[in-house]
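Reading the structure
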Amino acid sequence: MARLTGKILVFAMIACAVWGCATGGGISRLKEIQSLSYGERLLFQRCDGCHAVPDPRKMNAERWRRSIIRMQGRMHLPQEEWDSLLALGVGTGVKADSVH
């Protein structure tokens with residue numbers, strides 16, 4: 001029985017190591033996610049389930065605003081979340097109050 005328990009433990013450790021590598025680094029990935037702002041975490045939580053996570057820094061202000069407006073028609077979120085997502089584009093010139 002002890003040999004079987006040992007084998008199971010070794011298998012579990014290998015599986016955890018492989019799973020950690022496959023998901024982007026386990027603990028280091030968790031620390032990276034925790035260092036994100038509320039809006040950035042929201043972006044990953046809300047967008048990643050259906051499509052690649054967009055990068056507002058790679059879009060001009062108008063394109064980011066149009067993307068947010070388009071997604072409002074497809075997904076129902078509290079207005080506070082839409083405002084936070086829109087604010088991610090502020091560095092590109094998006095006005096935070098331009099979507100309601």
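Conventions and cut-offs
Residues numbered from 1 in each chain as written. Predicted model: local features only at pLDDT ≥ 70, side-chain atom pairs only at ≥ 80, totals over all residues. Heavy atoms only, no water. Helix = DSSP H or I, 4+ residues; strand = E, 2+ residues; numbered from the N terminus. Buried < 20%, exposed > 50% of the residue type's maximum accessible area, 1.4 Å probe, protein only. Contact = heavy atoms within 4.5 Å. Patch = residues over 30% accessible without salt bridge, like charges linked within 9 Å, V, L, I, M, F, W, Y side chains within 5 Å. Areas by Shrake-Rupley, 256 points an atom, 1.4 Å probe, with all protein chains shown as cover. Salt bridge = Lys/Arg side-chain N within 4 Å of Asp/Glu carboxyl O. Lys, Arg positive; Asp, Glu negative; His and termini not counted. Charge placed at Lys NZ, Arg CZ, Asp CG, Glu CD. Axes fitted to C-alpha atoms, helices over the stretch in contact; angles between N-to-C directions. Parallel < 35°, antiparallel > 145°, perpendicular 65-115°, else oblique. Nonpolar A, V, L, I, M, F, W, Y, C, P; charged D, E, K, R; others polar.

Concerning the overall build of the protein chain
Within the protein chain one finds five helices and zero strands. Counting helices and strands in the order they occur from the N terminus, the protein chain gives α-α-α-α-α. Expressed as a percentage of the 100 residues in the protein chain, the buried residues total 21%. Put simply, 47% of the contacts in the protein chain that link residues at least 6 apart link residues at least 24 apart.

Let's talk about helix α5 (residues 79–87)
Residues Glu-81, Trp-82, Ser-84, Leu-85 and Leu-86 constitute the buried set of α5. Where α5 is buried, its residues meet α3 (38–47) and α4 (61–72).

Things to note about a positive patch on the surface
A cluster of like positive charges, contributed by Arg-63, Arg-66, Arg-70 and Arg-74, occupies part of the molecular surface. Summarising the element assignment, Arg-63 is placed in helix α4.

So, the pattern of salt bridges
Under the defined criterion, the tally for this structure stands at three salt bridges. Here Asp-55 ties to Arg-57 by a salt bridge, and the two come within 3.0 Å at their closest N and O atoms. Arg-65 serves as the salt-bridge partner of Glu-62, at 2.8 Å between the closest nitrogen and oxygen. With Glu-62 and Arg-65 both in helix α4 and three residues apart, the pair spans about one turn of that helix. Classification of Arg-65 as partly exposed rests on a relative accessible area of 22%.

As for the packing of α3 against α5
Across the interface, α3 lies against α5 with an axial gap of 9 Å and an inter-helix angle of 110 degrees. Put simply, α3 runs roughly perpendicular to α5. Residue-level inspection shows Tyr-38, Gly-39, Leu-42, Leu-43 and Arg-46 of α3 in contact with α5, the latter providing Glu-80, Glu-81, Ser-84 and Leu-85. Of the residues that constitute the contact of α3 with α5, the class distribution is four nonpolar, two polar and three charged.

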